[in-house]
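Tertiary structure, described
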Amino acid sequence: MALTLQSAIDLAALVLNDDDLTRYPQADRLKACNHALLAVYAKRPDILIGSYSDTTKIPNGERIATDTFPFDAKFLQPVSDLSGALIQTKDEEANDASRVAALMNRALSFTAG
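Only a predicted model underlies this, so the values are computations on that prediction, with no experimental measurement involved. (Residues numbered from 1 in each chain as written. Predicted model: local features only at pLDDT ≥ 70, side-chain atom pairs only at ≥ 80, totals over all residues. Heavy atoms only, no water.)

**Considerations on helix 2 (residues 26-43)**
Condition: To qualify as a helix, a DSSP run of H or I must reach at least 4 residues; to qualify as a strand, a run of E must reach at least 2; elements of each kind are numbered from the N terminus. The span you would expect from a helix comes to 1.5 Å times its residue count less one. Exposure categories follow from relative accessible area, calculated using a 1.4 Å probe and restricted to protein chains: below 20% of the type maximum is buried, above 50% is exposed, and the middle band is partly exposed.
Taking 1.5 Å as the rise per residue, helix 2 with 18 residues should run 26 Å; its terminal C-alpha atoms sit 26 Å apart, in good agreement. Of all the positions in helix 2, only Arg29, Leu30, Ala32, Cys33, Asn34, Ala36, Leu37, Val40 and Tyr41 are classed as buried.

The structure is reproduced here in structure tokens:
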């Protein structure tokens, strides 16, 4: 079974403490996932080495939930972590910047090699 953006969105439910998927609307989850893809790709454009000619894999911020996850499966968790952090900023404005930064660093360190 191929991974989709929905796979990343569902995995982010753990970061969001929202296993029943009721706290945050699907549209917000998808938007956060798209932003996470863009952020990780901006920091690590080499993620798509060997796939640059396939423009369907390059994040554009407009993916839908049923689109194939554009990166290798090992990047699913970091993208999920970051998208979860991004969506949580709506609720936790006092510590959102540090949480997003920590999860971004975790995502990038995980993808470092």
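**Some details on empty space enclosed by the protein**
As a reminder, the rule being used: Only protein atoms enter the 1 Å grid used here, on which a cavity is any set of points holding a 1.4 Å probe that cannot leave and a pocket is any open set flanked by protein within 12 Å on both sides along at least five of seven lines; residues with an atom within 4 Å of a point are listed as lining. Grid points are joined across faces, edges and corners, and a volume is the space filled by probe spheres set on the points.
Scanning the model with the defined rule gives 1 cavity of 30 Å³ or more in all. When its volume is computed, the largest cavity comes out at roughly 40 Å³. Surrounding the largest cavity, Ile9, Ala12, Leu16, Arg29, Ala32, Ser83, Gly84 and Ile87 form its lining. Broken down by secondary-structure element, the contributors of at least two residues to the lining of the largest cavity are helix 1 (5-15), helix 2 and helix 3 (76-88).

**A closer look at the nonpolar core**
Threshold: Throughout this description, the term nonpolar core refers to a set of buried Ala, Val, Leu, Ile, Met, Phe, Trp, Tyr and Cys residues connected via side-chain atoms within 4.5 Å. Contacts between residues were defined by any pair of non-hydrogen atoms, one from each residue, lying within 4.5 Å.
The biggest cluster of nonpolar side chains holds 24 residues, and the ones touching the most others in it are Phe69, Phe71 and Val79. Residue assignment for this core shows that the elements contributing at least two residues are helix 1, helix 2, helix 3 and helix 4 (96-110). Residue contributions to this core peak at 6 residues, all from helix 2. For Phe71, the residues in contact, after removing those within four places along its chain, are Leu37, Val40, Tyr41, Ile47, Leu48, Lys57, Pro59 and Val79.

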